[in-house]
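Commentary on secondary and tertiary structure
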Amino acid sequence: MKKLTAVLMIVLISGTFSSFGQNKDLKSSGQKNDQVNLNNDFYISYGTGSVFYFIDNEGMTANSMSGTFTVGFSRSLNQVIAVGFQMHYIRIDRTGNNYLYSSYPPTTTKEEMTDNLWEGIANVRFRYLNRPSFCMYSGIGMGVTMDFYQKTYDNSSPKGQKLLPAAQLTLLGFRVGRALSFFGEFGVGTSNILNAGISYKFGE
């Protein structure tokens, strides 16, 4: 979390100085640096509520989750549609019971499992409100998840990996600011339910 905070601060500070320089040039030419006219969008965010958390994995129940760390980029095709790509990381810790039928009566031992989920999702956004310093949008994305997992039971810790589907539906998203801004999202999917972060738009 400390590393994420540091990264957010660096992006915020560098974006502020870049925006200041751009705004100064634009003011001298009589133009404003409106988010509507900036087509490239780089963003980082933190979210929570992945569908993976609520689904039992091999009979094991999740008891803790790191949250979802996201890095993404999108490109506006016009003032309504933008296409892009996101990378997500999620860690989920699970517990369960391993039944030993070799003894009578059968006994159980505690199992633990850690899922390190890496997602890649291509998405499309549809902006239905687009103002100079504010926009609202919805979106849909699909991709794949690579699960690097490790189990711990009976003094052994086997590792493995498996490929899973990934999908995210953004029901409501908003962005407040011009070049540098804050954004928040509400949706459902393998990535998150609630999501918030910092966005920086550039390039006309």
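Further up the page is the structure itself.
Let us look at the structure shown here.

Section: the overall build of the protein chain
- The helix and strand inventory of the protein chain stands at two helices and eight strands.
- The secondary structure elements of the protein chain, listed N-terminal to C-terminal, are α-β-α-β-β-β-β-β-β-β.
- Taken over 204 residues, the protein chain has a buried fraction of 40%.
- Of all intrachain contacts in the protein chain linking residues separated by at least 6 positions in sequence, the fraction that spans at least 24 positions is 63%.
- On the protein chain, roughly 11,300 Å² of surface is accessible, and the fraction owed to carbon and sulfur atoms is 65%.

Notes on empty space enclosed by the protein
- Following the criterion strictly, the structure yields three cavities of 30 Å³ or more and no others.
- Space inside the largest cavity adds up to approximately 130 Å³.
- Looking at the lining of the largest cavity, the elements with two or more residues in it are strand S1 (40-48), strand S3 (81-100), strand S4 (107-131), strand S5 (134-152), strand S6 (159-177) and strand S7 (180-189).
- Empty space within the second largest cavity amounts to approximately 90 Å³.

Describing the environment of leucine 169
- Relative to the assigned elements, leucine 169 resides in strand S6.
- Given a relative accessible area of 35%, leucine 169 falls into the partly exposed group.
- For leucine 169 and arginine 125, which are 44 residues apart along the polypeptide, the C-alpha to C-alpha distance reads 10.0 Å.
- Sequence-distant contacts of leucine 169, that is, excluding residues within four places in its chain, are made with Gly139, Ile140, Gly187 and Val188.

Regarding the side chain of threonine 145
- Residue placement: threonine 145 occurs in strand S5.
- We classify threonine 145 as buried; its relative accessible area is 0%.
- At 3.4 Å, the side chain of threonine 145 forms a polar contact with the side chain of glutamate 119.
- With sequence-adjacent residues up to four places away left out, threonine 145 is seen in contact with Phe52, Leu117, Trp118, Glu119, Lys162, Leu163, Leu164, Pro165 and Ala166.

With respect to a nonpolar patch on the surface
- Nonpolar side chains collect at one region of the surface, where Val80, Phe126, Tyr128, Ile140, Leu169, Leu171, Leu172, Phe186, Val188 and Leu194 lie side by side and expose about 880 Å² of accessible area between them.
- Only S4, S6 and S7 provide two or more residues apiece to the nonpolar patch.
- If you tally residues by element for the nonpolar patch, the top one is S6, at three residues.
- Counting through the fold element by element, leucine 171 comes out in strand S6.
- Using a relative accessible area of 43% as the deciding quantity, one classes leucine 171 as partly exposed.

Topic: the pattern of salt bridges
- Applying the stated criterion across every chain, the model contains five salt bridges.
- Its salt-bridge partner being arginine 125, residue aspartate 41 comes within 3.8 Å of it at the nearest N-O pair. Of this pair, aspartate 41 sits in strand S1 while arginine 125 sits in strand S4, and the two are 84 residues apart along the sequence.
- Accessibility expressed as a relative area gives 6% for aspartate 41, which makes it buried.
- Judged by its relative accessible area of 11%, arginine 125 is buried.
- Close ionic contact of arginine 94 with aspartate 115 constitutes a salt bridge, the shortest N to O distance being 2.6 Å. Of the two residues, arginine 94 sits in strand S3 while aspartate 115 sits in strand S4, which places them 21 residues apart along the sequence.

Topic: the packing of aromatic side chains
- Within the structure shown, the criterion is met by six aromatic pairs.
- Geometrically, the ring pair formed by tyrosine 43 and phenylalanine 183 is edge-to-face, given 5.7 Å between the ring centres and 80 degrees between the ring planes. Placement of the pair is tyrosine 43 in strand S1 and phenylalanine 183 in strand S7, with a sequence separation of 140 residues.
- For tyrosine 43, a relative accessible area of 2% gives the class buried.
- Between phenylalanine 174 and phenylalanine 182, the aromatic rings sit 6.1 Å apart at their centres with planes inclined by 55 degrees, giving tilted as the arrangement.
- Residue phenylalanine 174 is classed as partly exposed on the basis of its relative accessible area, which comes to 30%.
- Judged by its relative accessible area of 44%, phenylalanine 182 is partly exposed.
- Seen from the ring of tyrosine 43, arginine 125 lies directly overhead, with NZ or CZ sitting 4.8 Å from the centre.

The rules behind the values
- Residues numbered from 1 in each chain as written.
- Predicted model: local features only at pLDDT ≥ 70, side-chain atom pairs only at ≥ 80, totals over all residues.
- Heavy atoms only, no water.
- Helix = DSSP H or I, 4+ residues; strand = E, 2+ residues; numbered from the N terminus.
- Buried < 20%, exposed > 50% of the residue type's maximum accessible area, 1.4 Å probe, protein only.
- Contact = heavy atoms within 4.5 Å.
- Areas by Shrake-Rupley, 256 points an atom, 1.4 Å probe, with all protein chains shown as cover.
- 1 Å grid on protein atoms, 1.4 Å probe; cavity = no way out; pocket = protein on both sides within 12 Å on 5 of 7 lines; lining within 4 Å.
- Points joined across faces, edges and corners; volume = space filled by probe spheres on them.
- Polar contact = N/O pair within 3.5 Å; in protein donor to acceptor, adjacent residues only side chain to side chain.
- Patch = residues over 30% accessible without salt bridge, like charges linked within 9 Å, V, L, I, M, F, W, Y side chains within 5 Å.
- Salt bridge = Lys/Arg side-chain N within 4 Å of Asp/Glu carboxyl O.
- Phe/Tyr/Trp six-rings, centres within 6.5 Å; stacked < 30°, edge-to-face > 60°.
- Lys NZ or Arg CZ within 6 Å of the ring centre and 35° of its normal.

It is worth stressing that arrangement in space is one thing and function is another; only the former is reported here.
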